Amino acid sequence: VMRDGRVVATLETGATDEDTIVRYMVGRDKASFYHYEQAPKGDAALEVRGLTKSGFYEDISFSVNYGEILGVAGLVGCGRDELVKSIYGLTVPDMGEIWVAGRPVPIRRPQDALRQGIALLSEDRKESGIFAEMSVKENLTMAVLSRLAGPVGLLDLGAEAKIFQKYLGLMRIRCAGPRQRAMDLSGGNQQKVVLGRALATDCRVLLLLEPTRGVDVGAKSEIYTLLHMMAKEGIAVVLISSDLPEILSVCDRAVVLWQGRVTDRLDKSEMDENAVMRCATGIGANGG
């Protein structure tokens, strides 16, 4: 087993288990990935009211507060991905309203969402997240270039370098330097670059589609720590994940979808694998 470029253990496969391997890979027990002190909750940051898009989801309503991590759970094809893309303006719903900080806002494209302080981390970092041929610095700062440009459009290189250094450290991104190509990073570090780019926009609502898909167990642990840090900073996080332990352990509350409709809303004390799966398969649906 290797960690940070060094062999930390040599184990007989027949005499070990997953938790032991994870402990050596990460440096702590697997159970401690998810443990954190819940942050104080603020007012509603994002509200979805009666959102409907024919063929994908119908009459969806929920809210997430500042400083809260809200999980959206459901089987593949339940409409959760399309719902989040509508909130970000990648698709336009047929009906319903999106409220931000207590007022309705029109979101028809991603630029509208960004102006409202909403950022998105997509589920496929290679196709729609990382700009593979560009440098780590360019990937981290490209969402805020207009903020870094002077009155005649010239880029303030000093300000760009400060943004890069800030999020390089905050995200604990391991790279050879600012000019290293993003495609040469590990999957976990690529994901942290995309996450850092979203945070650089000073978002107050962060939508995460499958944030730990395709990353190793060590990167998962670091991403969970970052999510908890964001919540403590007052950011509202909406976590869409197929990883049920992730939903159960990381989130303060969960909304469960089945066939495009909300089947239940679960508080932390009500969230367990059986309850979520019953709602996700329509067996335990309470009609939202």
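Residues numbered from 1 in each chain as written. Predicted model: local features only at pLDDT ≥ 70, side-chain atom pairs only at ≥ 80, totals over all residues. Heavy atoms only, no water.

A. Structural view of the overall build of the protein. Helix and strand counts for the protein stand at 11 helices and 12 strands. The C-alpha radius of gyration computed for the protein amounts to 20 Å, which stays within 12% of the reference 19 Å derived for 288 residues, consistent with globular compactness. Considered along the principal axes of its C-alpha atoms, the protein spans approximately 65 × 50 × 35 Å. Every one of the 288 residues in the protein was classed for burial, and the buried ones make up 48%. Residue pairs in contact within the protein that sit at least 24 positions apart in sequence constitute 64% of those at least 6 positions apart. A total accessible area of about 14100 Å² is found for the protein, and carbon and sulfur atoms account for 50% of it. Side chains of the protein carry 35 positive and 38 negative charges; the gap between the two charge centres is 5 Å. (Helix = DSSP H or I, 4+ residues; strand = E, 2+ residues; numbered from the N terminus. Rg over C-alpha atoms; globule rule 2.2 N^0.38 Å. Buried < 20%, exposed > 50% of the residue type's maximum accessible area, 1.4 Å probe, protein only. Contact = heavy atoms within 4.5 Å. Areas by Shrake-Rupley, 256 points an atom, 1.4 Å probe, with all protein chains shown as cover. Lys, Arg positive; Asp, Glu negative; His and termini not counted. Charge placed at Lys NZ, Arg CZ, Asp CG, Glu CD.)

B. Spatial organisation of a nonpolar patch on the surface. A surface patch of nonpolar side chains, amounting to about 260 Å² of accessible area, comprises Leu145, Leu155 and Leu157. Looking at the secondary structure, you find Leu155 in the loop between helix H6 (145–148) and helix H7 (157–170). Leu155 gets classed as partly exposed once you look at its relative accessible area, which sits at 34%. (Patch = residues over 30% accessible without salt bridge, like charges linked within 9 Å, V, L, I, M, F, W, Y side chains within 5 Å. Salt bridge = Lys/Arg side-chain N within 4 Å of Asp/Glu carboxyl O.)

C. Here's a closer look at the pattern of salt bridges. All chains considered together, the criterion is met by 17 salt bridges. With a closest N to O distance of 3.8 Å, Arg109 and Asp112 form a salt bridge. Asp112 sits in the buried class, given a relative accessible area of 13%. What emerges from the salt-bridge pattern is a single network uniting Arg80, Asp81, Glu210 and Arg213.

D. Just the sheet that holds strand E6 (residues 95–100), in detail. Strand order in this open sheet of four strands is E4-E3-E6-E7, and the pairing throughout is antiparallel. Strands with a single pairing partner mark the edges of an open sheet, and in this sheet they are strand E4 (57–65) and strand E7 (103–104). Note that strand E3 (residues 44–53) and E4 share six bridges and pair antiparallel. Looking at the pairing, Lys53 lines up with Tyr57 of E4. (Pairing = 2+ DSSP bridges.)

E. Inspection of the sheet that holds strand E8 (residues 118–121) at higher detail. On the basis of which strands lie adjacent, the open sheet formed by six strands has the order E8-E9-E10-E5-E11-E12 and mixed pairing. In this open sheet, the two strands that pair with only one neighbour each are E8 and strand E12 (261–267). Averaged over all neighbouring strand pairs, the angle between strand axes comes to 20°, with direction disregarded. With four bridges joining them, strand E5 (residues 69–73) and strand E10 (residues 236–240) adopt parallel strand pairing. The residue of E10 that forms the bridge with Leu70 is Val238. (Axes fitted to C-alpha atoms, helices over the stretch in contact; angles between N-to-C directions.)

F. Spatial organisation of the packing of helix H1 (residues 18–26) against helix H9 (residues 217–232). For the pair H1 and H9, interaxial distance at closest approach is 9 Å and the crossing angle is 70°. The angle between H1 and H9 places the two elements in the roughly perpendicular class. In the crossing of H1 with H9, the sense of the turn from one axis to the other is right-handed. Contact with H1, carried on its side by Val22, Met25 and Val26, involves Val217, Gly218 and Ser221 of H9 and no other residues of that element. Of the residues contributing to the contact of H1 with H9, the split by class is four nonpolar, two polar and no charged. (Parallel < 35°, antiparallel > 145°, perpendicular 65-115°, else oblique. Left-handed = near helix turned anticlockwise from the far one by under 90°. Nonpolar A, V, L, I, M, F, W, Y, C, P; charged D, E, K, R; others polar.)

G. Layout of the packing of aromatic side chains. Considering all chains together, one arrives at zero aromatic pairs under this definition. When the ring centre of Tyr24 is taken as reference, the NZ or CZ atom of Arg23 above it lies at 5.8 Å. One residue, Arg49, lies across the ring of Trp99, its end atom 3.6 Å from the ring centre. (Phe/Tyr/Trp six-rings, centres within 6.5 Å; stacked < 30°, edge-to-face > 60°. Lys NZ or Arg CZ within 6 Å of the ring centre and 35° of its normal.)

H. Fine view of the nonpolar core. Formed by 50 residues in total, the largest nonpolar core has its most connected members in Ile69, Leu195, Leu199, Leu206, Leu208 and Met230. Counting residues per element, this core draws most heavily on H9, at seven residues. Setting aside residues no more than four positions away along its own chain, Leu195 makes contact with Leu121, Met171, Leu206, Leu208, Leu226 and Met230. Residues Val48, Val64, Leu70 and Val262 belong to the second largest nonpolar core, which totals 31 residues. (Core = buried A, V, L, I, M, F, W, Y, C linked by side-chain atoms within 4.5 Å.)

I. Region of the structure containing unusual backbone geometry. At Asp59, a residue that is not glycine, the phi angle is positive and equals roughly 55°. What makes Asp59 partly exposed here is its relative accessible area of 44%. Phi at Gln259 is positive, roughly 50°, even though this residue is not glycine. Its location among the elements puts Gln259 in the loop between strand E11 (253–258) and E12.

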